[in-house]
Amino acid sequence: SQQGEEDPQALSIQEGENATMNCSYKTSINNLQWYRQNSGRGLVHLILIRSNEREKHSGRLRVTLDTSKKSSSLLITASRAADTASYFCATVNSGGSNYKLTFGKGTLLTVNP
Amino acid sequence: ETGVTQTPRHLVMGMTNKKSLKCEQHLGHNAMYWYKQSAKKPLELMFVYSLEERVENNSVPSRFSPECPNSSHLFLHLHTLQPEDSALYLCASSQGGGNYYGYTFGSGTRLTVV
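What you see is a predicted model, and the numbers here were worked out from it, not measured in a lab.

Q: Whenever I open this one, the overall build of chain A confuses me. Can you help?
A: In terms of helices and strands, chain A carries 0 helices and 11 strands. Ordered by position from N to C terminus, the α and β elements of chain A give β-β-β-β-β-β-β-β-β-β-β. For chain A, the C-alpha radius of gyration of 13 Å lies close to 13 Å, the compact-globule estimate for 113 residues. Referenced to the eigenvectors of the C-alpha coordinate spread, the extents of chain A come out at roughly 45 × 30 × 20 Å. When each of the 113 residues of chain A is scored for burial, the buried share is 44%.

Q: Before we go on, may I ask you to explain the interface of chain A and chain B in this structure?
A: Size of an interface: often given as the accessible area lost when the parts come together. The partner chain B presents 29 residues to the 23 residues of chain A that form the contact. Carbon and sulfur atoms make up 51% of the surface buried where chain A meets chain B, a total of about 2000 Å² over both sides. Per-residue buried area on chain A facing chain B is highest for Leu43(A), Tyr99(A) and Phe103(A); these three make up 31% of the total on that side. At the junction of chain A with chain B, the criterion picks out 0 salt bridges. At the junction of chain A with chain B, the criterion picks out 11 residue pairs in polar contact (both at pLDDT 80 or more). For the side of chain A that touches chain B, the element with the most residues is strand 4 (residues 29-37) of chain A, which contributes 5 residues. Partitioning the side of chain A that touches chain B into residue classes produces 8 nonpolar, 11 polar and 4 charged.

Q: I keep staring at the sheet that holds strand 3 (residues 18-25) of chain B and nothing clicks. Help me out?
A: The strands that make up a sheet pair up through hydrogen bonds in the backbone, lying either parallel or antiparallel. All names here are of chain B. In space, the 4 strands of this open sheet follow the order 1-3-8-7, with antiparallel pairing throughout. Both outer strands of the open sheet, strand 1 (4-7) and strand 7 (64-70), are each paired with one neighbouring strand and no more. Mean inter-strand twist for the sheet, computed between neighbouring axes without regard to direction, equals 20°. Sheet topology note: the strand 7/strand 8 (residues 73-79) ladder contains 5 bridges and is antiparallel. From the neighbouring strand, asparagine 70 faces strand 8, where its bridge partner is histidine 73.

Q: Teacher, can you tell me more about the layout of surface pockets here?
A: If you roll a probe as big as a water molecule over the atoms, it shows you where there is empty space left. Its volume calculated, the largest pocket comes out at about 720 Å³. Together, 28 residues line the largest pocket, and Ser86(A), Phe88(A), Lys105(A), Lys40(B) and Lys41(B) are the ones closest to its centre. Of all the secondary structure elements, the ones that give two or more residues to the lining of the largest pocket are strand 1 (5-7), strand 9 (85-93) and strand 11 (107-112) of chain A together with strand 9 (87-94) of chain B. Its residues placed into classes, the lining of the largest pocket shows 7 nonpolar, 14 polar and 7 charged.

Reading the values: rules and limits
- Residues numbered from 1 in each chain as written.
- Chains lettered and ligands numbered in written order.
- Predicted model: local features only at pLDDT ≥ 70, side-chain atom pairs only at ≥ 80, totals over all residues.
- Heavy atoms only, no water.
- Helix = DSSP H or I, 4+ residues; strand = E, 2+ residues; numbered from the N terminus.
- Rg over C-alpha atoms; globule rule 2.2 N^0.38 Å.
- Buried < 20%, exposed > 50% of the residue type's maximum accessible area, 1.4 Å probe, protein only.
- Contact = heavy atoms within 4.5 Å.
- Buried area = accessible area lost by both parts, 1.4 Å probe.
- Salt bridge = Lys/Arg side-chain N within 4 Å of Asp/Glu carboxyl O.
- Polar contact = N/O pair within 3.5 Å; in protein donor to acceptor, adjacent residues only side chain to side chain.
- Nonpolar A, V, L, I, M, F, W, Y, C, P; charged D, E, K, R; others polar.
- Pairing = 2+ DSSP bridges.
- Axes fitted to C-alpha atoms, helices over the stretch in contact; angles between N-to-C directions.
- 1 Å grid on protein atoms, 1.4 Å probe; cavity = no way out; pocket = protein on both sides within 12 Å on 5 of 7 lines; lining within 4 Å.
- Points joined across faces, edges and corners; volume = space filled by probe spheres on them.

In structure tokens, the structure reads:
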């Protein structure tokens, strides 16, 4: 069953602009993860943020987590055409199986040169 | 390459055929997964193996049969599939479950059932 839900479903920006994607989820989590998927390929793990963390950075990526609102955001700064991909949030629910990573439907990001 | 290799990349099969998807990981991970990705739907977890034992089976029809002979190899045996089974099948691996580390995915097998 779907846990995370990304917003917006699609986002189109110009190269150099920042891109922000949001994820909302329903139940308490152990951690939340973001993945990228280029068209028709496998997913690539970007970042994992634990339920007791509020913000995490990795290169041009910044992830925030607000457990009171059950939401997370992924910010990509200074976007490049190569960032064009679908981005998914996924959660490991607290109290559930730690082998069950549940994904949302994703945000399709298009970065125009 | 991610360290998780899936073969074949593309597969077209008839509804009466029997075929197998193969996944191999070179990362020393101890858990492996099959996911199904259909258009406009979230990724669906199908099966999970940890230390070669199946730990999750998400109500998948019996026409899908997984096999994990060792911690590096995972198969998905397919028989008498339906057209709605056409999808991208993704294999992933991890060290332990998802509590501490992310998953590493293969590039997937694009399956078309005709």
